[in-house]
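Spelled out from the first residue to the last, the chains are:
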Amino acid sequence: MTEPRLHHLLLQAKNLERAEAFYLGFLGFTVRKHDRLPDGRMLTSTNEGLGLTYGRRGEPGSVVEHIAFRASGIRGLAERAEAEGIPVVKPPGPGPYGLTVYLADPDGNKVELFAEDEE
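Not measured: the values here are computed from a predicted model.

Enquirer: Quick question: what am I supposed to make of the environment of Phe114 here?
Expert: Within the fold, Phe114 resides in strand E8 (residues 110-115). It is 18 Å that separates the C-alpha atoms of Phe114 and Gly25, two residues lying 89 residues apart in sequence. For Phe114, the residues in contact, after removing those within four places along its chain, are Ala68, Phe69, Arg70, Ala71, Ile74, Tyr97, Leu99 and Thr100.

Structure representation (structure tokens):
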């Protein structure tokens, strides 16, 4: 049996276009496929393992605390986020996986960006 590991995550966005602007535009994720879910909602799947669709945040008890992505140029990303009006929840600093910054996506989800080899 193969060891279990995370393959992808599906986020339900209040506004799919704004979510795509953040994840595809700002973070630079790339589209793997545009499709529809069985209930008819649009689905954008990325090559980085993130799916985006319309919806709403989960019910109490099912909300994700934050999602994290490896990145580089953490301080530059934080500066760019501020310049583009993207909320910086926690400025660059040391974290468990390296230099870390926390941003808020258009729905207020905390997004951690970290680099293991930056200080």
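Now that the structure has been shown, we can carry on.
Enquirer: Would you explain helix H2 (residues 74-83) in this entry?
Expert: Residues spaced three or four apart along an α-helix face the same direction, because each turn holds 3.6 residues. All of the buried residues along H2 are Ile74, Leu77, Ala78 and Ala81. Buried residues of H2 fall within an arc of 100 degrees about the axis and therefore sit on the same side. Facing away from the buried side of H2 by over 90 degrees, the exposed positions are Glu79 and Ala83. Here the buried face of H2 lies against helix H1 (16-26), strand E6 (88-95), strand E7 (98-104) and E8. Trailing H2 by a residue or two, Gly85 shows a phi angle of about 75 degrees, which is positive.

Conventions used here
- Residues numbered from 1 in each chain as written.
- Predicted model: local features only at pLDDT ≥ 70, side-chain atom pairs only at ≥ 80, totals over all residues.
- Heavy atoms only, no water.
- Helix = DSSP H or I, 4+ residues; strand = E, 2+ residues; numbered from the N terminus.
- Contact = heavy atoms within 4.5 Å.
- Buried < 20%, exposed > 50% of the residue type's maximum accessible area, 1.4 Å probe, protein only.
- Arc of directions from axis to C-beta.

Shape is all these values report; function is a separate question.
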